[in-house]
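Chain residues, written in single-letter form:
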Amino acid sequence: MDLGLAEDHFSRPMGSIVAPDIEQLKMAIEECKKLILELPEHSERQKDTVVKLIHLRLKLQELKDPEEDEPNLRILLEHRFTKEKSKSVKQTCDKCSAIIWGLIQTWYTCTGCYYRCHSKCMNLITKPCVKSKVSHQSAYELSICPEIGLDRQDYRCAECRTPISLRGVPTEARQCDYTGQYYCSTCHWNDIAIVPARVIHNWEFESRKVCRSSMRYLTLMISRPVLKLKEINPLLFNFVEELVEIRKLRQDILLMKPYFITCKEAMEARLLLQLQERQHFVENDDMYSLQDLIDISSGRLSCSLTEIHTTFAKHIKLDCERCQAKGFVCELCKEGDILFPFDSHTSVCYDCSAVFHRDCYYDNSTTCPRCARMTERKQDEEPVVRVA
C-alpha cells in the first residue's frame with residue numbers, strides 16, 4: 001500500500017473527502033508503524049519514516065478537530081476565555097488532560113484563573129472561575145487537611161463526580177491537602193503548593209499535593225492580605241522571632257506615614273510607593289498575606305523592609321527640614337536630641353501622641369505634661385455659668 005509519504009498532508013481537506021481521508025490516514029499510519037519496525041534501527045530511512053508518521057498523526061488530528069472561525073472572547077461560568085494565538089508553546093487542557101497542539105488546535109485561556117482548554121472542551125466545563133470565588137469570598141480554609149472520607153463523597157470525585165477509589169478502580173482517588181477531599185486524576189494532577197493552614201498553625205512551609213482548582217485558588221490568593229495572625233494564632237509571635245521583628249518595622253512605618261503625606265518632598269519622591277507591592281503595610285500592622293509569611297520565613301522580607309525603613313527614617317531625621325521640625329523634645333527631662341515616635345528608645349503618650357524618652361516616661365509618676373496643658377486649656381475655654 002502507498003503510505004502517502006510524499007503527499008502534502010497539511011493542506012486543508014475539502015468537504016466531502018474528509019471522511020475518506022480520515023480512513024486512508026489511519027491505514028497509512030498503521031502501515032507506517034509496521035515499516036518502522038521492519039527497517040534497520042537508527043537508519044536514515046527509519047528516521048525519515050518516523051518523521052512522516054508524526055506528520056500523518058498531526059494531519060489526522062487536524063481532520064478530527066478542524067479549525068473553525070472561533071470568537072476571540074467567550075464567557076462561560078464567569079470564566080472570560082480569550083483565544084490564544086501561540087502556536088509553538090505546548091500546553092495541557094485542564095478539562096480533558098490531553099495535550100493542546102497549538103499548531104492545529106484552537107484553544108482558550110481564562111484571563112481570571114488561567115484555566116486552559118481546547119475549544120472543543122469548553123462546553124464540557126462545569127467548574128466556575130476561581131477568580132469569582134476570590135472576589136466574593138477571600139478566605140482560606142484554616143483547618144489542616146479537613147478530610148471527610150470517601151464514603152461522605154459517595155466514592156466520587158469532589159469536583160466532576162467521577163467514581164473513584166483508593167484501590168484505583170475504576171479511577172485512582174487523590175487527596176487534596178488543602179480541601180481534604182478526594183479527586184480523580186483529571187481534576188488532581190499532583191500539583192504541589194504551600195498550604196496556609198499548615199503555615200499558620202505549624203509554621204510549616206513544605207509544599208503538599210493539591211487539586212487543580214485549589215492550586216488556582218491558592219495562586220490567586222497568595223498576595224491577598226487576609227490573614228489576621230493575632231486573632232488566628234497569637235501564640236505564633238512567641239515562637240517566631242522574625243514575626244516580632246516584622247511587626248515592629250510595620251508599626252514604625254505606620255508612624256512615619258503621617259510625615260510623608262504632609263511632606264511635599266516625600267510626595268514628589270514617591271517614597272511610599274516603595275511598598276506598592278505590599279500596600280497593606282501602609283494601612284495596618286496586623287494583616288498578612290501568605291506571600292508575606294513565605295518571605296518572612298526565607299528572610300527576604302526582613303532584608304527588604306529593613307532597607308525601606310532605613311530610607312524612610314533617613315528622610316525624616318536627616319534629609320528633610322520640614323519633617324525634622326515635626327519632631328519632639330522630651331518634656332520630662334528637656335534634654336537630648338529631637339525625638340520621633342518610631343525611635344527605639346522612645347515611648348508615646350496614648351492620649352496626645354507626645355513623645356518622651358522611654359526611661360523618663362516610665363519613671364515619671366505624674367501625668368503627661370502635654371495632656372495636663374490641654375486639659376487646663378480646655379477648662380479655661382469653658383464658659384462660666386452664673387447663678388442668678
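Anyway, here's the lowdown on the structure attached to this text.

Basis of the calculations
Residues numbered from 1 in each chain as written. Predicted model: local features only at pLDDT ≥ 70, side-chain atom pairs only at ≥ 80, totals over all residues. Heavy atoms only, no water. Salt bridge = Lys/Arg side-chain N within 4 Å of Asp/Glu carboxyl O. Helix = DSSP H or I, 4+ residues; strand = E, 2+ residues; numbered from the N terminus. Buried < 20%, exposed > 50% of the residue type's maximum accessible area, 1.4 Å probe, protein only. Core = buried A, V, L, I, M, F, W, Y, C linked by side-chain atoms within 4.5 Å. Contact = heavy atoms within 4.5 Å. Pairing = 2+ DSSP bridges. Axes fitted to C-alpha atoms, helices over the stretch in contact; angles between N-to-C directions. Parallel < 35°, antiparallel > 145°, perpendicular 65-115°, else oblique. Left-handed = near helix turned anticlockwise from the far one by under 90°. Phe/Tyr/Trp six-rings, centres within 6.5 Å; stacked < 30°, edge-to-face > 60°. Lys NZ or Arg CZ within 6 Å of the ring centre and 35° of its normal.

Next up on the list: the pattern of salt bridges. Going through the model one piece at a time under the given rule, you end up with 20 salt bridges. Between Lys33 and Glu30 there is a salt bridge, and its shortest N-O distance comes to 3.6 Å. Of this pair, Lys33 and Glu30 both sit in helix H1 (residues 18-38), three residues apart, roughly one helical turn. Glu30 gets classed as partly exposed once you look at its relative accessible area, which sits at 40%. For the salt bridge of Lys317 with Asp343, the shortest nitrogen-to-oxygen distance reads 2.9 Å.

Ranked by internal contacts, the top residues of the largest apolar core, which has 71 residues, are Leu229, Leu243 and Leu293. The element contributing the most residues to this core is helix H8 (residues 241-261), with seven residues. Residues within four places of Leu243 in sequence aside, it is in contact with Trp203, Leu229, Leu236, Phe237, Tyr288, Leu293 and Ile296.

Take the side chain of Ser213 next. Within the secondary structure layout, Ser213 lies in helix H5 (residues 212-221). With relative accessibility at 10%, the residue Ser213 sits in the buried group.

What follows concerns the pairing of strand E1 (residues 73-76). Where E1 meets strand E2 (residues 79-83), four bridges bridge the pair, whose relative direction is antiparallel. Looking at the pairing, Leu73 lines up with Thr82 of E2. Turn length for the E1-E2 hairpin, with the two strands adjacent in sequence and antiparallel, is two residues, and the turn residue Leu77 shows positive phi of about 50°.

It is at 10 Å that the axes of H8 and helix H11 (residues 300-319) come closest, and there the two elements cross at 30°. What the angle tells us is that H8 and H11 run roughly parallel. Like other packed secondary-structure pairs, H8 and H11 cross with a definite hand, here left-handed. Only Leu301, Ser302, Leu305, Thr306, His309, Phe312, Ala313, His315 and Ile316 of H11 make contact with H8, whose side of the interface consists of Glu245, Ile246, Leu249, Arg250, Asp252, Ile253, Met256, Tyr259 and Phe260.

Let us look at the packing of aromatic side chains. Going through the model one piece at a time under the given rule, you end up with nine aromatic pairs. Ring geometry for Phe81 and Tyr115: centres 6.3 Å apart, planes at 75°, overall edge-to-face. Of this pair, Phe81 sits in strand E2 while Tyr115 sits in the loop between strand E5 (107-110) and strand E6 (116-118), and the two are 34 residues apart along the sequence. Accessibility classification places Phe81 together with Tyr115 in one group, the buried group. Here the guanidinium or amino end of Arg74 rests over the ring plane of Tyr108, the centre of that ring lying 5.8 Å away. Taking the ring centre of Phe237 as reference, the NZ or CZ of Arg247 above it sits at 4.4 Å.

So, on to the sheet that holds E6. Across the sheet, four strands lie side by side as E1-E2-E5-E6; this open sheet has antiparallel pairing. Edge positions in the sheet fall to E1 and E6, since each of these pairs with one other strand and no more. When the angles between neighbouring strand axes are averaged without regard to direction, this sheet yields 30°. Taken together, the three bridges between E2 and E5 define a ladder with antiparallel strand orientation. Of the residues in E5, the one forming a bridge with Phe81 is Cys110.

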